[in-house]
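Next come the chains, spelled out residue by residue.
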Amino acid sequence: VQLQASGGGLVQAGGSLTLSCAASGRTFSNYRLGWFRQAPGKEREFVAGISRTGGMTAYSEYAKGRFTISRDNAKNTVYLQMNSLKPDDTADYYCASAVSYSDYVGLQIHDYNHWGQGTEVTVSS
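Parameters at a glance
- Residues numbered from 1 in each chain as written.
- Predicted model: local features only at pLDDT ≥ 70, side-chain atom pairs only at ≥ 80, totals over all residues.
- Heavy atoms only, no water.
- Salt bridge = Lys/Arg side-chain N within 4 Å of Asp/Glu carboxyl O.
- Helix = DSSP H or I, 4+ residues; strand = E, 2+ residues; numbered from the N terminus.
- Buried < 20%, exposed > 50% of the residue type's maximum accessible area, 1.4 Å probe, protein only.
- Disulfide = S-S within 2.5 Å.
- Core = buried A, V, L, I, M, F, W, Y, C linked by side-chain atoms within 4.5 Å.
- Contact = heavy atoms within 4.5 Å.

**Brief notes about the pattern of salt bridges**
Here is step 1 of the chain: One pass over the full model with this rule turns up four salt bridges.
Here is step 2 of the chain: Among the ionic pairs, D89 bridges to R66, the shortest N-O distance being 2.7 Å. Residue D89 is found in the loop between β8 (77-82) and β9 (91-99), and its partner R66 is found in the loop between β6 (57-59) and β7 (67-72); the two are separated by 23 residues along the sequence.
Here is step 3 of the chain: Take D89: its relative accessible area is 2%, and that puts it in the buried class.
Here is step 4 of the chain: A network of salt bridges, in which partner residues are shared, links R37, E45, R66 and D89.

Written as structure tokens, this is what we have:
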């Protein structure tokens, strides 16, 4: 599967952005999906994940209550709605996928083997 992330940009603190990641190549509903981010000089970290059916989701502590991950299997797209953005949310955001045989949500980088290019999010104070 190939992944194409979009939707990043510059936003003021307190604002919102919705990232999208479109997939192509294989049966989208067979894949668990995740969003990760990497700030300059820092390691890539988990943001949110969603199971193949969308029935299970997981969030990092900093994303809980502010970010929402969702998927539309008919459109082969996963979304990350980000609200109440903070300057600390500034990073490149990456979507990722992996074939899944259960309703498992991956929380780790090694849970995924397909990665899209990053989309840059900058939150100004």
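**Points about the state of the cysteines**
Here is step 1 of the chain: Here the structure, examined in full by the defined rule, presents one disulfide.
Here is step 2 of the chain: Across the disulfide from C21 sits C95; the S-S distance is 2.0 Å. Taking the sign of the torsion about the S-S bond as the criterion, the disulfide between C21 and C95, at about 60°, is right-handed. Residue C21 is located in strand β3 (residues 17-24), and its partner C95 is located in strand β9; the two are separated by 74 residues in the primary sequence.

**Some points on the nonpolar core**
Here is step 1 of the chain: If you look at the biggest cluster of nonpolar residues, it comprises 27 residues, and the most contacted ones within it are W35, V47, F67, L80, M82 and Y93.
Here is step 2 of the chain: At the level of secondary structure, the elements contributing two or more residues to this core comprise β1 (2-6), β3, β4 (31-38), β5 (45-50), β7, β8, β9 and β11 (119-124).
Here is step 3 of the chain: A total of four residues in this core trace back to one element, the largest contributor, which is β3.
Here is step 4 of the chain: Contact partners of F67, with chain neighbours within four places excluded, come to R37, V47, Y59, L80, Q81, M82, N83, L85, D89 and Y93.
Here is step 5 of the chain: Within the second largest apolar cluster, seven residues are counted, among which are F36, A98, V105 and Y112.

Shape is all these values report; function is a separate question.
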